[in-house]
Amino acid sequence: MYEIERRKTRLVKAGKIAFGSDAPLVIQSMNSTDTRDVEASLKQIVELKEAGCHLTRLAVPDFTAANALKEIVKYSPLPIVADIHFDYKLALAAIDANVCKIRINPGNMKMNGGLKEVVQAAKAKHIAIRVGVNAGSLNPKILRKYGGPTAEALVESAKEAINMLEEENFYDIVLSLKSSFPLLTIQAYRLMANVCDYPFHIGVTEAGTLREGTIRSAVGIGTLLAEGIGDTLRVSLTAAPVEEVKAAISILKSLGLSEGLTFISCPTCGRTEVDLINVANEVEKRLANIKVNAKVAVMGCKVNGPGEARGADYGIAGGKGNYLLFKKGVTIKKVSEDGAIDALISEILQDQAKAKTAQAKI
């Protein structure tokens, strides 16, 4: 069994959420709603929680939004992070609203007296701060020094911000160094991992639309996680926030870092004698609402299944208009192509019901 050894970090708490190597990986997203619309924001937060999100970030562009945070935090089923840019007074208002964490960008907020006030207020209320360094908003001085937004430039910006926070005796820090280019993002986090022991928020910023953005995020986030780097993540997509959560869960499951249902299916080829594409899509759709920790396979011929899918908990393998239904590589029965999906789902649900009954008797 492959295991990933996570980078050792200190533990940082943000409300009921903990970040660091001694805590589970945290999936987060960002609301696409107008923060000033409390009802819409809460509705989306509920949807995010149901999708598997652990906390969400809300934009705070003005004081109307900051005031709305009070109601959102009060009724939200998820911890709330406030996204702050430029005006330190908005950060103070967000802290007053009892968010669990605030995100600041050192590229557009200077460590003047105002930001020092923010740090002291956050420390007094045990609110964490994410230092969010972004390749697109680095200090001009740093850009000139390195000739552009290099990995070294991102790291220097992060180090400067961390030093200023530490001068205020503030250590509840989560750090991110993001770029829209996955390789630059990977290099920056690798360098920073040798500089500090703060937890990392990882992600590829402005990754793109649903398909392209998921791929770019999987490359960047997946590489870092495989190296043990990363304590919380966001898949940044030009799509509904729920899609970000789904993509994050898939990335974690692909590396064995999260439990849940894993769906696998083989590619089609000249050996395929069943309507594999439609069957696989329908199985995946019907599995979406089943909460079970299992691997389910849909295979197109006897070469790929059940032999190559023997590690799957459940599966069907097609051939000449029918399917073999199998569990852990052992064939249970042959079923018609029309009845294959129902037979597979029924087997999973039956075992799930038996497990619940057994658990209730304990």
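Residues numbered from 1 in each chain as written. Predicted model: local features only at pLDDT ≥ 70, side-chain atom pairs only at ≥ 80, totals over all residues. Heavy atoms only, no water.

**Some points on the nonpolar core**
Point 1. Leu69, Ile102, Leu175, Leu177 and Met192 are the most contacted members of the largest nonpolar core, which totals 71 residues.
Point 2. When residues of this core are assigned to their parent elements, the largest contribution, 8 residues, is made by helix H6 (residues 151-167).
Point 3. With residues up to four places along the chain from it excluded, the contact list for Ile102 reads Val81, Ala82, Ala91, Ala94, Ile95, Val118, Ile127, Ala128, Ile129 and Arg130.
Point 4. Formed by 30 residues, the second largest nonpolar core is a distinct cluster that contains Leu261, Val283, Tyr323 and Leu344. (Core = buried A, V, L, I, M, F, W, Y, C linked by side-chain atoms within 4.5 Å. Buried < 20%, exposed > 50% of the residue type's maximum accessible area, 1.4 Å probe, protein only. Helix = DSSP H or I, 4+ residues; strand = E, 2+ residues; numbered from the N terminus. Contact = heavy atoms within 4.5 Å.)

**Description of the pattern of salt bridges**
Point 1. Scanning the model with the defined rule gives 19 salt bridges in all.
Point 2. The salt bridge involving Asp83 is made with Arg57; its shortest N-O contact spans 2.6 Å. Taken together, the residues Asp83 in strand E5 (residues 80-83) and Arg57 in strand E4 (residues 55-59) connect sequence positions 26 residues apart. Here the two residues Asp83 and Arg57 agree in accessibility, since each one is buried. (Salt bridge = Lys/Arg side-chain N within 4 Å of Asp/Glu carboxyl O.)

**Quick word on H6**
Point 1. Helix length check: H6, at 17 residues, gives a terminal C-alpha distance of 24 Å against a target of 24 Å (1.5 Å per residue), a fit within 8%.
Point 2. If you check which residues of H6 are buried, you get Ala151, Ala153, Leu154, Val155, Glu156, Ser157, Ala158, Ala161, Ile162 and Leu165. (Expected span 1.5 Å × (residues − 1).)

**A look at the domain arrangement of the protein chain**
Point 1. Domain parsing of the protein chain yields domain 1 (12-255) and domain 2 (261-360).
Point 2. Using C-alpha coordinates to define each centre, domain 1 is positioned 39 Å away from domain 2. (Domains from an automatic or database assignment.)

**Structural notes on unusual backbone geometry**
Point 1. The phi torsion at Asn98 lies on the positive side, around 70°, for a residue other than glycine.
Point 2. Within the secondary structure layout, Asn98 lies in the loop between helix H3 (88-96) and strand E6 (101-104).
Point 3. Of note in the backbone geometry, Asn169 takes a positive phi value of approximately 60° without being a glycine.

**Re the side chain of Ser176**
Point 1. With respect to the helices and strands, the residue Ser176 is situated in strand E8 (residues 173-178).
Point 2. A polar contact is formed between the side chain of Ser176 and the side chain of Arg130, at a distance of 2.6 Å.
Point 3. With residues near it in sequence (within four places) discarded, Ser176 still touches Arg130, Val131, Gly132, Val133, Tyr189 and His201. (Polar contact = N/O pair within 3.5 Å; in protein donor to acceptor, adjacent residues only side chain to side chain.)

**Structural notes on the pairing of strand E7 (residues 128-134)**
Point 1. Within E7, 7 of the 7 residues are buried, leaving the element largely enclosed by the surrounding structure.
Point 2. Alternating residues of E7 divide into Ala128, Arg130, Gly132 and Asn134 and Ile129, Val131 and Val133, and every residue in both groups is buried.
Point 3. In terms of strand pairing, E6 meets E7 through 4 bridges, oriented parallel. Residue pairing across strands places Ile102 opposite Ile129, the latter belonging to E7.
Point 4. Both E7 and E8 contribute to a ladder of 6 bridges, which runs parallel. Along E8, the bridge assignment pairs Gly132 with Ser176. (Pairing = 2+ DSSP bridges.)

**Section: the pairing of strand E12 (residues 295-299)**
Point 1. For E12, the buried fraction is high: 4 of the 5 residues fall into the buried class.
Point 2. Pairing geometry for strand E11 (residues 262-265) and E12, over 4 bridges, is parallel. Counted as the bridge partner of Phe263 is Val296 from E12.
Point 3. The β-α-β motif built from E11, the intervening helix H10 (residues 276-287) and the parallel element E12 has left-handed crossover chirality.
Point 4. Here E12 pairs with strand E13 (residues 314-319) via 4 bridges, running parallel. From the neighbouring strand, Ala297 faces E13, where its bridge partner is Gly315. (Right-handed = clockwise from strand over helix to strand, strands pointing away.)

**Things to note about the side chain of Asp231**
Point 1. For Asp231, the location among the structural elements is in the loop between helix H8 (210-226) and strand E10 (232-233).
Point 2. Look past the residues within four positions of Asp231 in its chain and what remains in contact with it is Arg6, Arg7, Thr9, Gly20, Ser21, Pro24, Leu25, Val26, Pro199 and Phe200.

**Details of the environment of Lys101**
Point 1. With respect to the secondary-structure elements, Lys101 resides in strand E6.
Point 2. Among the residues examined, Lys101 registers a relative accessible area of 0% and is labelled buried.
Point 3. In this view, Lys101 contacts Ala14, Phe19, Gln28, Ile80, Val81, Ala82, Ile127, Ala128, Ile129, Arg130 and Val174; residues no more than four positions away in its chain are not counted.

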